[in-house]
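The residues making up each chain are set out below.
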Amino acid sequence: MLLESIRRRGPSSRADLARELGLTKSTVSSLTQELIGEGLLSEGSPQASASGTGRPGILLELRPQGALALGVELGVKNTVVIVLDLGSQTQQLLEWPEASDTPLAQRLERIAGQIRQHVPGRERLLGLGLTVPGVVRDDQTLVYAPGPGWRNAAPAEQLEALLGLPVVVQNDANASALGEAFWGESHSPLAYVMLGTGLGIGLVVDGQVYRGHFGAAGELGHWKEGSDRPCSCGRWGCLETELSLRALEQHFQALSRRTEDFWGILGLAGQGYGPALEALEALGGQLGRLVANLAVTFDPAVVVLGGAGAEAWQWLEAPTRRRLSELAFIPEHACLPIRPSAFGHLAPAMGAAALVLQRFLANGGVREGNPPISPRALG
């Protein structure tokens, strides 16, 4: 909790920390000395007292590169690996495309190989967070990912064996939502709309992700919508057949008889091409309807749009807000704050790294698998 306090409020004196955390000055001094010894804190400049008299307090600062977290997005058609320090600065970034039918085990082996080859300073790595496009149980087991068709897999176990690091697994929308809250968005509840090849929702309440009883909370992409389109999950009429980048591409291709993918559609929209603008307008209307439904389901304080779809916000914003205004249940919902993710398409990987750092900070700066540096560090 001491490290988390300094991360949130910035450089702090021992006296400030003692007051905020309700600890004695001697306890704070003991803990900070241990954290300095671990390379996680450093002493900065003196802080003058409020009265102008007395001995100035020495400000304690995070040493951001004292610990690093790996975040990995295992997308349907891509993989992203990011290394973040305690100050959220990117130390390494790797991205590559993947065929959607590549076996899961093969993809995990490629991830491990890339990390071994390209990520230095592995002795400072706290662990690896992995996001997947599906239902996760117990932060370890992938129950079902309908897009790539993976079922009942143990990616954490395989990556731990390959890399010798602790691994935590989470749904991509849930992890992205946590990342928004962890890296700075303080409003609660926060609803995160993961708009990509499919559709997912993450919900964070008071800094914690709501996962549901079986880990399937937020799988609104498979909300039964009544359309006549087949879904990747094998059923018919799921919401993501109408609201996803796959649906956008299909709509655009029907309007234009062209074969551009999402990024190509954005390029054409930037040139003012009518069918591209029309398809994005329709997608924005669908998004506005979803937000109106989220408003009466969760009553969030803010809605964040993430996934690759966030890159289209300049075209989606107006029709989304217009549709929300038309469908809002109460006046307050009509002006519900909606914004694109600050992290763009890197949000899932950022959120995956946040999973690791959140655990580390909650443990008082104790690396997983190591004994506490002090019994009081976990207090």
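Since we're looking at a predicted model, the values are computed, not measured. (Residues numbered from 1 in each chain as written. Predicted model: local features only at pLDDT ≥ 70, side-chain atom pairs only at ≥ 80, totals over all residues. Heavy atoms only, no water.)

Trainee: What's the story with the overall build of the protein chain in this structure? I'm lost.
Mentor: Helix and strand counts for the protein chain come out as 12 helices and 15 strands. Every one of the 379 residues in the protein chain was classed for burial, and the buried ones make up 51%. Here the protein chain displays about 16,500 Å² of accessible surface, and carbon together with sulfur accounts for 51% of that area. (Helix = DSSP H or I, 4+ residues; strand = E, 2+ residues; numbered from the N terminus. Buried < 20%, exposed > 50% of the residue type's maximum accessible area, 1.4 Å probe, protein only. Areas by Shrake-Rupley, 256 points an atom, 1.4 Å probe, with all protein chains shown as cover.)

Trainee: Sorry, what's going on with helix 10 (residues 313-327) here?
Mentor: Note: α-helices contain 3.6 residues per turn, so residues at a spacing of three or four share the same orientation. Across its 15 residues, helix 10 extends 20 Å between first and last C-alpha, which sits within 8% of the 21 Å expected from 1.5 Å per residue. Of all the positions in helix 10, only Trp313, Trp315, Leu316, Pro319, Thr320 and Leu324 are classed as buried. The buried residues of helix 10 occupy one face: seen down the axis, they fall within an arc of 145°. The exposed set on the far side of helix 10, more than 90 degrees from its buried face, consists of Gln314 and Glu326. (Expected span 1.5 Å × (residues − 1). Arc of directions from axis to C-beta.)

Trainee: Is there a simple way to explain the environment of alanine 334 in this structure?
Mentor: Tracing the chain through its elements places alanine 334 in helix 11 (residues 331-334). What makes alanine 334 partly exposed here is its relative accessible area of 30%. For alanine 334 and arginine 322, which are 12 residues apart along the polypeptide, the C-alpha to C-alpha distance reads 8.8 Å. Beyond its immediate sequence surroundings of up to four residues, alanine 334 is in contact with Leu324, Ser325 and Ala328. (Contact = heavy atoms within 4.5 Å.)

Trainee: What is the right way to read the packing of helix 6 (residues 172-182) against helix 12 (residues 347-362) from this model?
Mentor: The relative placement of two packed helices comes down to the angle between their axes together with the axis-to-axis distance. In the contact formed by helix 6 and helix 12, the axes pass within 7 Å of each other and the chain directions differ by 65°. By the angle between their directions, the pair helix 6 and helix 12 is classed as roughly perpendicular. The crossing of helix 6 and helix 12 is left-handed. Within the contact between the two elements, helix 6 uses Asp172, Ala175, Ser176, Leu178, Gly179 and Phe182 and helix 12 uses Ala347, Pro348, Gly351, Ala352, Ala354, Leu355, Leu357, Gln358 and Leu361. (Axes fitted to C-alpha atoms, helices over the stretch in contact; angles between N-to-C directions. Parallel < 35°, antiparallel > 145°, perpendicular 65-115°, else oblique. Left-handed = near helix turned anticlockwise from the far one by under 90°.)

Trainee: What's the story with a nonpolar patch on the surface in this structure? I'm lost.
Mentor: Where nonpolar side chains cluster on the molecular surface, the patch consists of Val296, Phe329 and Ile330 and spans about 300 Å² of accessible area. As for its position among the elements, isoleucine 330 is in the loop between helix 10 and helix 11. (Patch = residues over 30% accessible without salt bridge, like charges linked within 9 Å, V, L, I, M, F, W, Y side chains within 5 Å. Salt bridge = Lys/Arg side-chain N within 4 Å of Asp/Glu carboxyl O.)

Trainee: I would appreciate a short explanation of the pairing of strand 14 (residues 302-306) in the present structure.
Mentor: Both faces of the sheet carry side chains from a regular strand, because those side chains alternate between them. Judged by how many residues are buried, strand 14 sits mostly within the fold: 5 of 5 residues are covered. Pairing analysis gives 5 bridges linking strand 11 (residues 190-195) to strand 14, with the strands arranged parallel. Within strand 14, the residue paired with leucine 190 across the bridge is valine 302. As paired strands, strand 14 and strand 15 (residues 338-340) are joined by 3 bridges and run parallel to one another. Each bridged residue has a counterpart across the sheet, and for valine 303 the counterpart in strand 15 is isoleucine 338. (Pairing = 2+ DSSP bridges.)

Trainee: How should the sheet that holds strand 10 (residues 167-171) be read in this particular structure?
Mentor: Consider a sheet: its strands pair through backbone hydrogen bonds, and that pairing is either parallel or antiparallel. Overall, mixed pairing links the 5 strands, which are arranged 5-4-3-6-10 in an open sheet. Edge positions in the sheet fall to strand 5 (90-97) and strand 10, since each has one partner strand and no second. Ignoring strand direction, the axes of neighbouring strands in this sheet form an average angle of 15°. Pairing analysis gives 5 bridges linking strand 6 (residues 125-132) to strand 10, with the strands arranged parallel. Its bridge partner lying in strand 10, glycine 129 is registered against valine 168.

Trainee: Would you mind showing me how to read the pairing of strand 4 (residues 78-85) here?
Mentor: Counting buried positions along strand 4 gives 7 out of 8 residues, so the element sits mostly inside the fold. Sheet topology note: the strand 3 (residues 68-74)/strand 4 ladder contains 7 bridges and is antiparallel. Note on strand 4: the bridge partner recorded for glycine 71 is isoleucine 82. As consecutive antiparallel partners, strand 3 and strand 4 are separated by 3 residues. One ladder, built from 7 bridges, connects strand 4 with strand 5; its direction is antiparallel. Bridging from a neighbouring strand, valine 83 pairs with glutamine 92 of strand 5. Connecting strand 4 to the antiparallel partner strand 5 that follows it, the hairpin turn spans 4 residues, and serine 88 within it adopts a positive phi of roughly 70°.

Trainee: Mind showing me how you'd approach helix 8 (residues 262-270) here?
Mentor: What helix 8 keeps buried is the set Phe262, Ile265, Leu266, Leu268 and Ala269. On an axial view of helix 8, the arc spanned by its buried residues comes to 165°, and they lie on one face. At its buried positions, helix 8 is contacted by helix 7 (245-256), helix 9 (274-298) and helix 10. Its side-chain oxygen placed 3.3 Å from the backbone nitrogen of tryptophan 263, aspartate 261 serves as the N-cap of helix 8. (Polar contact = N/O pair within 3.5 Å; in protein donor to acceptor, adjacent residues only side chain to side chain.)

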